[in-house]
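Next come the chains, spelled out residue by residue.
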Amino acid sequence: MSPHSSTPIHRLPRTLTAALAAGLAGAAFAWGTQSGVASPAEPLASAEPTTQHRVIASPEAPAAIGPYSQAIAAGNQLFLSGQLPIDPATGQIPAGSRIEDQTRQVLKNLSAVLEANEMTLSNIVSTTVYLSDLDDFAAFNAAYAEFFPQAPPARATVEVARVPRDAKVEIAAIAVR
């Protein structure tokens, strides 16, 4: 039995058991493009989107600074990569910007990506916030609340040792239509 479940592993569906075994062995597995179930037989080599997901990008948000997409749409869900407080016009984080300013810019960037998929901030159901200093939490929270005045999304907030480009905040999100 798994230490976190009351279901014995031998009673789990065969594809899930295989995926768990592959994951535990350090092997990679991909979600089946047709069946929607985990399959260790399908390679991860293809970087092409499937019919089940598509890349979403907005010129109104900073371009990805690595091998990732601004967002991926899958069905009625949109998975937004973490956004930094980069001004899309300059490609820079404004020098000396406060946590409040950086938070507002991050949420504007997320909003631009959402708009590229005909969604708004009200479609966000969950965010993950990475702060470089939890002492900034109250100021961050005040700026964040400006964008979610009613029914704010679920959220996890953690302090991290460092955020890319030495930003004070990064926010990733999941939105649902």
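Residues numbered from 1 in each chain as written. Predicted model: local features only at pLDDT ≥ 70, side-chain atom pairs only at ≥ 80, totals over all residues. Heavy atoms only, no water.

K.L.:
Where do I start with the pattern of salt bridges in this structure?
P.N.:
All chains considered together, the criterion is met by five salt bridges. When the shortest N-O distance is used, the salt bridge between Arg104 and Asp101 registers 3.6 Å. Pair noted here: Arg104 and Asp101 are both in helix H2 (residues 99–115), with a separation of three residues, about one helical turn. Exposure remark for Arg104: the relative accessible area of 24% places this residue in the partly exposed category. Glu146 serves as the salt-bridge partner of Arg104, at 2.8 Å between the closest nitrogen and oxygen. Here the residue Arg104 occupies a position in helix H2, and Glu146 occupies one in helix H3 (residues 137–147), the gap between them amounting to 42 residues. Through salt bridges with shared partners, a single network forms among Arg98, Glu100, Asp101, Arg104 and Glu146. (Salt bridge = Lys/Arg side-chain N within 4 Å of Asp/Glu carboxyl O. Helix = DSSP H or I, 4+ residues; strand = E, 2+ residues; numbered from the N terminus. Buried < 20%, exposed > 50% of the residue type's maximum accessible area, 1.4 Å probe, protein only.)

K.L.:
Looking at this model, I keep getting lost on the sheet that holds strand E8 (residues 169–176). Mind explaining?
P.N.:
Backbone hydrogen bonds are what pair the strands of a sheet, in a parallel or an antiparallel way. With mixed pairing, the six strands of this open sheet are ordered in space as E3-E4-E5-E8-E6-E7. Sheet topology places strand E3 (54–56) and strand E7 (154–159) at the edges, where each strand pairs with a single neighbour. For this sheet, the mean inter-axis angle between neighbouring strands, taken without regard to orientation, is 15°. In terms of strand pairing, strand E6 (residues 124–131) meets E7 through six bridges, oriented parallel. Bridge pairing in E7 places Val129 opposite Thr157. Of the strands in this sheet, E6, E7 and E8 touch H3, which is tilted by about 150° from E7. (Pairing = 2+ DSSP bridges. Axes fitted to C-alpha atoms, helices over the stretch in contact; angles between N-to-C directions. Contact = heavy atoms within 4.5 Å.)

K.L.:
Got a minute to help me understand the pairing of E6 in this structure?
P.N.:
Taken residue by residue, a regular strand's side chains alternate between the two faces of the sheet. Sheet topology places E6 next to E8; seven bridges connect them, and they run antiparallel. Note on E8: the bridge partner recorded for Thr128 is Ala172.

K.L.:
Even after reading the chapter, I still don't get the environment of Asp136, so can you show me in this structure?
P.N.:
Within the secondary structure, Asp136 sits in the loop between E6 and H3. Taking C-alpha positions, Asp136 is 8.6 Å from Lys168, a pair spaced 32 residues apart along the chain. Sequence-distant contacts of Asp136, that is, excluding residues within four places in its chain, are made with Ile99 and Lys168.

K.L.:
Would you explain H3 in this entry?
P.N.:
Structurally, the α-helix is built with 3.6 residues per turn, so residues lying three or four positions apart point the same way. Looking at H3, one finds that the buried residues are Phe140, Ala143 and Tyr144. Along H3, the residues classed as buried sweep out an arc of 100° about the axis, all on the same side. On its buried face, H3 sits against H2, E6, E7 and E8. (Arc of directions from axis to C-beta.)

K.L.:
Please explain the pairing of strand E5 (residues 77–83) as it appears in this structure.
P.N.:
Here strand E4 (residues 71–74) pairs with E5 via four bridges, running antiparallel. Paired with Ala73 across the strands is Leu78, a residue of E5. Here E4 hands over to E5 after two residues, with Gly75 in that stretch at a positive phi of 65°. Bridge count between E5 and E8: five bridges; the pairing is antiparallel. Bridge pairing in E8 places Phe79 opposite Ile174.

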